[in-house]
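# Observations on chain architecture
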Amino acid sequence: MPDRPTQILEAAARLIARRGVRGLRVEEVSAEAGVSTALIYYHFKDRAGLLRRTLEFISRRAVRYTDPALESSDDPRTQLTDMLLLELQDIAQVRENSAAWGELRATAVFDPDLRELLADATRDWVEDLAQLIGQVQTAGSAGTDTATDPYAAAERLTALVEGLSERWLSGTTSLQRTHELLRGAIEAELRAR
């Protein structure tokens, strides 16, 4: 059984994924987690603290299900492709994470504190992918453009994953099609220009 703070963060992520952030109330998180509101305030101080920690929780959880891609192969191109494809899985935790991430991103438009945290989390994700793209370029894989800025390519790919995730979760694009589009984009980013 998870510890109380983790239990609360799991409940908050579930509620954010289902209902969004704007109407999220501490009392709802309390009921969903099966704990008192006082315990939530004890661990997270206030609603803003709960949202910040939930964003961190969602980011850490995503790392746990994407990091196995780094162990799946010694080839950085394969690692990059697998890591991005793992963001689009028909698994409850991945669906919940993706939906909650999208809701937090939408709320950050109006919340400067959340915007800064989201920017930091996004920057970490982009930097990890840029490092892999740089490794692909260094390895000199056939058909790889070494003049492409790895950071810019990682920004484009992460933005695409977020957009494809929204389309897939909303039912406007199939999971298979999102994978096809993502594989094509990775190849286009790495292809010699």
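In what follows, the structure referred to is the one given above.
Let us look at the structure shown here. What you are looking at is a predicted structure, and each value in this text was computed from that prediction instead of being measured. (Residues numbered from 1 in each chain as written. Predicted model: local features only at pLDDT ≥ 70, side-chain atom pairs only at ≥ 80, totals over all residues. Heavy atoms only, no water.)

## Regarding the layout of surface pockets
Where empty space is left can be seen by rolling a probe of water-molecule size over the atoms. In this structure, the largest pocket occupies an estimated 750 Å³ of space. Taken together, 34 residues form the lining of the largest pocket, with S59, A62, E87, W101 and W125 sitting closest to its centre. Among the elements of the structure, α4 (47–66), α7 (92–108), α8 (112–139) and α9 (150–169) are those that each provide at least two residues to the lining of the largest pocket. Here the lining of the largest pocket takes nine residues from α8, the largest share from any one element. The class makeup of the residues in the lining of the largest pocket is 17 nonpolar, eight polar and nine charged. (1 Å grid on protein atoms, 1.4 Å probe; cavity = no way out; pocket = protein on both sides within 12 Å on 5 of 7 lines; lining within 4 Å. Points joined across faces, edges and corners; volume = space filled by probe spheres on them. Helix = DSSP H or I, 4+ residues; strand = E, 2+ residues; numbered from the N terminus. Nonpolar A, V, L, I, M, F, W, Y, C, P; charged D, E, K, R; others polar.)

## Quick word on helix α6 (residues 76–85)
Along an α-helix, residues three or four positions apart point the same way, because every turn accommodates 3.6 residues. Across the ten residues that make up α6, a large majority, eight, are buried. Where α6 is concerned, the buried positions are P76, R77, Q79, L80, T81, M83, L84 and L85. (Buried < 20%, exposed > 50% of the residue type's maximum accessible area, 1.4 Å probe, protein only.)

## Some thoughts on the environment of T107
Relative to the elements of secondary structure, T107 occurs in helix α7. What makes T107 buried here is its relative accessible area of 10%. With 85 residues separating them along the chain, T107 and R22 place their C-alpha atoms 7.1 Å apart. Discounting residues that sit within four places of it in the chain, T107 has contacts with V21, R22 and L114. (Contact = heavy atoms within 4.5 Å.)

## Comments concerning the pattern of salt bridges
A full pass over the atoms with the stated rule returns eleven salt bridges. Among the ionic pairs, R18 bridges to E32, the shortest N-O distance being 2.8 Å. Residue R18 is found in helix α1 (residues 4–19), and its partner E32 is found in helix α2 (residues 26–33); the two are separated by 14 residues along the sequence. On the basis of relative accessible area, E32 is assigned to the partly exposed category, the value being 28%. In this structure, a network of salt bridges that share partners links the residues R14, R18 and E32. (Salt bridge = Lys/Arg side-chain N within 4 Å of Asp/Glu carboxyl O.)

## Observations concerning the environment of E96
Assignment of secondary structure puts E96 in helix α7. The class for E96 is buried, based on a relative accessible area of 18%. Ignoring anything within four residues of it in the chain, the contact list for E96 reads E10, A13, R14, A17 and R61.

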